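# Examination of the molecular architecture
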Amino acid sequence: MSGTYNFNGSINGPTNIGENNVINIGQQDTAAQTLQLATRLVGWLREQDTATPTQIHAAEVLRGELDRAAQERRAAEPGLIQRSLQTITLGLGAGTTGLTLAQELGRMLTG
């Protein structure tokens, strides 16, 4: 185990304790974070007049896979994740909340 840990996306040293004195070592809450982002993405897409039913469905499929994977304590199926993210991001404008959420999900799931 190294002397650093992740907290809200930043790397902290051994003397830096995070919010509420909680130290997140490794990726214990990555599944919860990705599920939360996927839920936000579904909600955002549903609110957009420009989102297509295909994009919304892909976001719901992605969220469902992340939820099942977390419950089963397994990695999400990479092909399904990739296809869903590609479908979701197709046509989203640069700098939109939806694109940012999708990119962050992709980063968390592949990085």
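Residues numbered from 1 in each chain as written. Predicted model: local features only at pLDDT ≥ 70, side-chain atom pairs only at ≥ 80, totals over all residues. Heavy atoms only, no water.

On to the nonpolar core, then. Grouped together as the largest cluster of nonpolar side chains are 25 residues, with contacts concentrated most on Leu 41, Leu 45, Leu 62, Leu 66, Ile 81, Ile 88 and Leu 105. Elements with a contribution of two residues or more to this core: α1 (30-47), α2 (53-72), α3 (78-89) and α4 (97-110). Broken down by element, the residue count for this core peaks at seven residues, all from α1. When residues no more than four places from it in sequence are discounted, the contact partners of Leu 62 are Leu 80, Ile 81, Ser 84, Leu 85, Ile 88 and Leu 105. (Core = buried A, V, L, I, M, F, W, Y, C linked by side-chain atoms within 4.5 Å. Buried < 20%, exposed > 50% of the residue type's maximum accessible area, 1.4 Å probe, protein only. Helix = DSSP H or I, 4+ residues; strand = E, 2+ residues; numbered from the N terminus. Contact = heavy atoms within 4.5 Å.)

To continue, consider α2. Helix length check: α2 (20 residues) gives 28 Å between terminal C-alpha atoms against 28 Å at 1.5 Å per residue, within 8%. Within the span of α2, buried status applies to Gln 55, Ile 56, Ala 58, Ala 59, Leu 62, Gly 64, Glu 65, Leu 66 and Ala 69. In this structure, the buried residues of α2 make contact with α1, α3 and α4. Following α2 by one or two positions, Arg 73 has its phi on the positive side, about 55 degrees. (Expected span 1.5 Å × (residues − 1).)

Where α2 contacts α3, the two axes come as close as 8 Å, and the packing angle between them is 150 degrees. As far as their axial angle goes, α3 and α2 are roughly antiparallel. Judged by the twist between their axes, the crossing of α2 over α3 is left-handed. In contact with Thr 54, Gln 55, Ala 58, Ala 59, Val 61, Leu 62, Glu 65 and Leu 66 of α2, α3 contributes Leu 80, Ile 81, Ser 84, Leu 85, Thr 87 and Ile 88. (Axes fitted to C-alpha atoms, helices over the stretch in contact; angles between N-to-C directions. Parallel < 35°, antiparallel > 145°, perpendicular 65-115°, else oblique. Left-handed = near helix turned anticlockwise from the far one by under 90°.)

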